[in-house]
Amino acid sequence: MDKLNRRNVLRAGGALGAIGALSLATPAQARPLWTWSARGSVAGTGAGLDPRWVWDEEADPLVASLLDRGDVPKVNELLRTWTKNSQPLPDGLPTDLRDFMEHARRMPSWADQEKLATAVEFNEKRGLYLGVLYGLASGMMSTVIPKEARAVYYSQGGADMKDRISKTAKLGYDIGSRNAYEPDGEMIVTCVKTRLVHAAVRHLLPQSQYWQGAADEEIPISQADMMVTWHSLPTTVMQKLTAWEVPIPDAESEAFLHSWQLGAHMLGIKDEYIPASWSEANSQAKQVLDPILAPTPEGIKLADILLSLGAEVDGGILSKPILGSFTRFMLGDEIAGWLQIPREPLWDTLLNTFWGPFILAREGLLPFPGAKETYWLFEEFIRQAALIYLSEARPISIEIPQTNRPS
Ligand code: HEM
């Protein structure tokens with residue numbers, strides 16, 4: 001097992017992280033009013049519009065027009081060759097798309113190279129924990145975000161979840177890689193392509209009779225939805241690391257936040273909605289994420305698929321019951337109940353009793369109070385969990401969908 005090298009860990013962390021972005025939603029009317037102040041955002045100021053009613057006014061009409069004009073197959077083919085941040089856009093793209101992408105690929109003035117370098121250190125040091133957390137905290141949480149779960153389930157990718165996971169995984173991999181936002185990295189490309197995909201979904205899903213029947217909204221993936229999913233990723237991960245008492249220097253914690261703030265910007269989230277600090281992130285998450293978590297039939301099915309993927313890699317330590325128990329441990333009894341995850345008396349007890357001490361022992365802070373076997377069982381678990389979707393993190397092209405899930 002010690003063969004797990006840094007690259008593999010980062011790949012795994014990325015792959016799992018992306019799963020966190022898979023789902024999202026809840027009855028719009030059940031959401032509280034938007035009172036979070038833009039003063040706490042990276043912009044420091046804003047128009048103060050409720051982000052439930054804000055989408056992506058630049059990308060949405062453009063991609064709708066590409067779909068209507070029948071340009072998407074050609075665009076997808078051309079964009080397959082566009083993979084590196086500094087690479088010129090391919091010749092032959094429609095002019096309106098090219099203009100948009102040239103603008104969308106620019107990093108904001110507040111990008112801080114020093115913080116990004118520190119984020120690399122953090123990702124390298126904490127790759128194993130990040131793998132487990134992105135996969136089993138963010139990923140499973142996404143299945144109880146109703147709007148995301150429905151959007152994912154009824155969109156084209158919902159018909160082939162394995163393929164979808166590998167595509168979504170690319171973003172998580174790219175953000176954790178050493179050269180993420182550097183000229184030879186891929187994070188900017190991935191974000192701009194994903195921004196186009198989301199714009200396409202906003203145009204396509206309202207045409208799906210299945211989505212229309214299940215959803216309680218007219219246009220999916222609002223800016224508020226984007227922030228909800230965002231919180232299921234870095235905010236949730238940092239909350240767990242803090243709860244586990246993993247020692248993280250302030251500079252690394254801030255740097256990790258910064259890499260995700262940039263990711264949000266590059267995905268088309270407006271700066272006035274992106275929290276400037278962890279305390280602002282936690283307060284926004286309390287307002288937009290916590291109250292909307294709820295079960296849906298679509299989310300239950302997606303969760304079942306996610307929990308079953310581990311068994312394909314390793315039928316033992318990553319079996320469905322063990323991943324289910326870990327989900328219960330991380331997200332609590334209520335969410336586990338919503339997802340119809342059965343109780344596992346042995347694993348539930350082991351995790352509740354020994355996970356905290358295991359992390360402290362792993363960090364060299366305290367001797368492990370339990371049996372040596374338990375320590376190594378947990379160690380094996382995090383290594384295997386970090387590897388679980390490794391096979392999925394192959395080079396993959398994110399493409400603009402042209403249809404919805406057929407049924
Ligand atoms: C596609 C990431 C928010 C629904 C994607 C893809 C990525 C991604 C990397 C491309 C993968 C693919 O083509 O399958 C993210 C991140 C988000 C976010 C990082 C927030 C920080 C959301 C939200 C929703 C959503 C809020 C829905 C409410 C979808 C759907 C697709 C997609 C339906 C297209 C799947 C298809 O092709 O059928 N997202 N996403 N995403 N995302 Fe998101």
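The structure contained in this document is the topic of the report that follows. Note that the coordinates shown come from a computational prediction; the quantities given were computed from them, not determined experimentally. Residue positions are given per chain, counted from 1 along the sequence in the order it is written. Where local features are concerned, this predicted model is filtered to residues with pLDDT of at least 70; where side-chain atom pairs are given and counted, the filter is 80 or more; whole-chain, interface and lining totals use all residues. Excluded from the side-chain calculations are hydrogens and water; all other atoms, namely the structure's heavy atoms, are used.

1. Concerning the overall build of the protein chain
A helix here means a DSSP run of H or I that spans at least four residues, while a strand means a run of E at least two residues long, and both kinds are numbered starting from the N terminus. A tally of helices and strands in the protein chain yields 17 helices and zero strands. Think of it in three bands: residues with accessible area under 20% of the maximum for their type are buried, residues over 50% are exposed, and the middle band is partly exposed, with areas taken using a 1.4 Å probe on protein chains only. For the protein chain, buried positions account for 60% of its 407 residues. Restricting the contact set of the protein chain to residue pairs at least 6 apart, pairs at least 24 apart contribute 78%. Split by element, the accessible area of the protein chain, about 16300 Å² in all, is 53% carbon and sulfur. Contacts between residues were defined by any pair of non-hydrogen atoms, one from each residue, lying within 4.5 Å. Areas reported here follow the Shrake-Rupley algorithm with a probe of radius 1.4 Å; residue values treat only the protein chains shown as occluding.

2. Let's talk about the coordination of the iron atom of the ligand
The sole protein-derived ligand of the iron atom of the ligand is His198 (NE2), positioned 2.1 Å away. With respect to the secondary-structure elements, His198 resides in helix α9 (residues 187–204). Atoms are scored as donors when they are N, O or S and lie within 2.8 Å of the metal, with 3.2 Å used for Na, K and Ca; no water is included, so coordination may look incomplete.

3. What to know about the packing of helix α4 (residues 95–104) against α9
Lines are fitted to the C-alpha atoms to define the axes, a helix being fitted only along its stretch in contact, and any angle between axes, read from their N-to-C directions, falls within 0 to 180 degrees. Running from amino to carboxyl end, α4 crosses α9 at an angle of 130 degrees, the nearest separation of the two axes being 10 Å. The angle between α4 and α9 falls in the class oblique. For α4 against α9, the interelement crossing comes out right-handed. Facing α4, whose interface residues are Leu97, Phe100, Met101 and Ala104, α9 presents Val192, Arg195 and Leu196. Taken together, the residues that form the contact of α4 with α9 break down as six nonpolar, no polar and one charged. By the definition adopted for this analysis, an angle is roughly parallel if under 35 degrees, roughly antiparallel if over 145, roughly perpendicular if from 65 to 115, and oblique otherwise. By the definition used in this description, the sense in which the near helix is turned from the far one sets the handedness, with an anticlockwise turn below a right angle giving left-handed and a clockwise turn giving right-handed. Classification used: nonpolar for Ala, Val, Leu, Ile, Met, Phe, Trp, Tyr, Cys and Pro, charged for Asp, Glu, Lys and Arg, polar for all others including Gly.

4. Some remarks on helix α5 (residues 113–125)
Along its 13 residues, α5 runs 19 Å from first to last C-alpha, staying within 8% of the 18 Å computed at 1.5 Å per residue. For α5, the complete set of buried residues consists of Leu116, Thr118, Ala119, Val120, Phe122 and Asn123. Between a side-chain oxygen at the N-terminus of α5 and the backbone nitrogen of Glu114 the separation is 3.0 Å; the capping residue is Asp112. Helices are assigned an expected span. That span is 1.5 Å times one less than the residue count. Each polar contact in these results corresponds to two N or O atoms within 3.5 Å; when the atoms are within protein, one needs to be able to donate a hydrogen and the other to accept it, and residues that are neighboring in sequence are counted only if both atoms are side-chain atoms.

5. Examining helix α12 (residues 250–266)
In this model α12 runs 24 Å from its N-terminal to its C-terminal C-alpha over 17 residues, within 8% of the 24 Å that 1.5 Å per residue would give. Gly268 sits one or two positions beyond α12 and adopts a positive phi of about 100 degrees.

6. Digging into the pattern of salt bridges
Salt bridge, as used here: a side-chain nitrogen of Lys or Arg that lies within 4 Å of a carboxyl oxygen of Asp or Glu. Counted according to the given criterion, the structure contains 22 salt bridges. Residue Asp50 pairs with Arg52 through a salt bridge whose shortest N-O separation is 2.7 Å. Looking at Asp50, the relative accessible area reads 17%, which means it is buried. Residue classification places Arg52 among the buried residues on the basis of a relative accessible area of 13%. The residue Glu399 makes a salt bridge to Arg80 at a minimum N-O spacing of 2.6 Å. Placement of the pair is Glu399 in the segment after α17 (372–387) and Arg80 in the loop between α3 (72–79) and α4, with a sequence separation of 319 residues.

7. Here's the deal with the packing of helix α15 (residues 320–338) against helix α16 (residues 345–362)
In the contact formed by α15 and α16, the axes pass within 9 Å of each other and the chain directions differ by 45 degrees. In terms of their interaxial angle, α15 and α16 are classed as oblique. Handedness of the α15/α16 crossing: right-handed. Two secondary-structure elements touch here, α15 through Ile322, Ser325, Phe326, Arg328 and Phe329 and α16 through Trp347, Asp348, Leu351, Asn352 and Trp355.

8. A look at the nonpolar core
Of all hydrophobic cores here, the largest spans 119 residues; its most connected members are Met101, Met140, Tyr181, Phe256, Trp355 and Phe381. Counting residues per element, this core draws most heavily on α9, which supplies eleven residues. Both domain 1 (10–292) and domain 2 (297–392) contribute no fewer than three residues apiece to this core. Leave out the neighbours within four places in its chain, and Trp355 touches Trp244, Phe326, Phe329, Leu350, Phe378 and Ile382. To define a nonpolar core, start from buried Ala, Val, Leu, Ile, Met, Phe, Trp, Tyr and Cys residues and group those joined through side-chain atoms within 4.5 Å. Note: domain ranges come from an automatic or database domain assignment.

9. Re the packing of aromatic side chains
Working definition: rings of Phe, Tyr and Trp (its six-membered ring) pair if their centres are within 6.5 Å, and the pair is stacked with planes under 30 degrees apart, edge-to-face with planes over 60 apart, and tilted otherwise. What the rule picks out here adds up to 22 aromatic pairs. Between Trp347 and Phe378, the ring centres sit 6.4 Å apart and the planes meet at 55 degrees, which makes this aromatic pair tilted. Of this pair, Trp347 sits in helix α16 while Phe378 sits in helix α17, and the two are 31 residues apart along the sequence. Here Trp347 falls in the buried class, since its relative accessible area comes to 11%. Geometrically, a charge over a ring is one whose NZ (Lys) or CZ (Arg) sits within 6 Å of the ring centre while staying within 35 degrees of the ring normal. The aromatic ring of Tyr153 is capped on one face by Arg405, whose charged end is 4.0 Å from the ring centroid.

10. Structural notes on the environment of Ile317
Secondary-structure assignment places Ile317 in the loop between α14 (297–313) and α15. Sequence spacing of Ile317 and Ala385 is 68 residues, and the spatial spacing of their C-alpha atoms is 8.8 Å.

Read these as layout, nothing more, since geometry by itself doesn't imply function.
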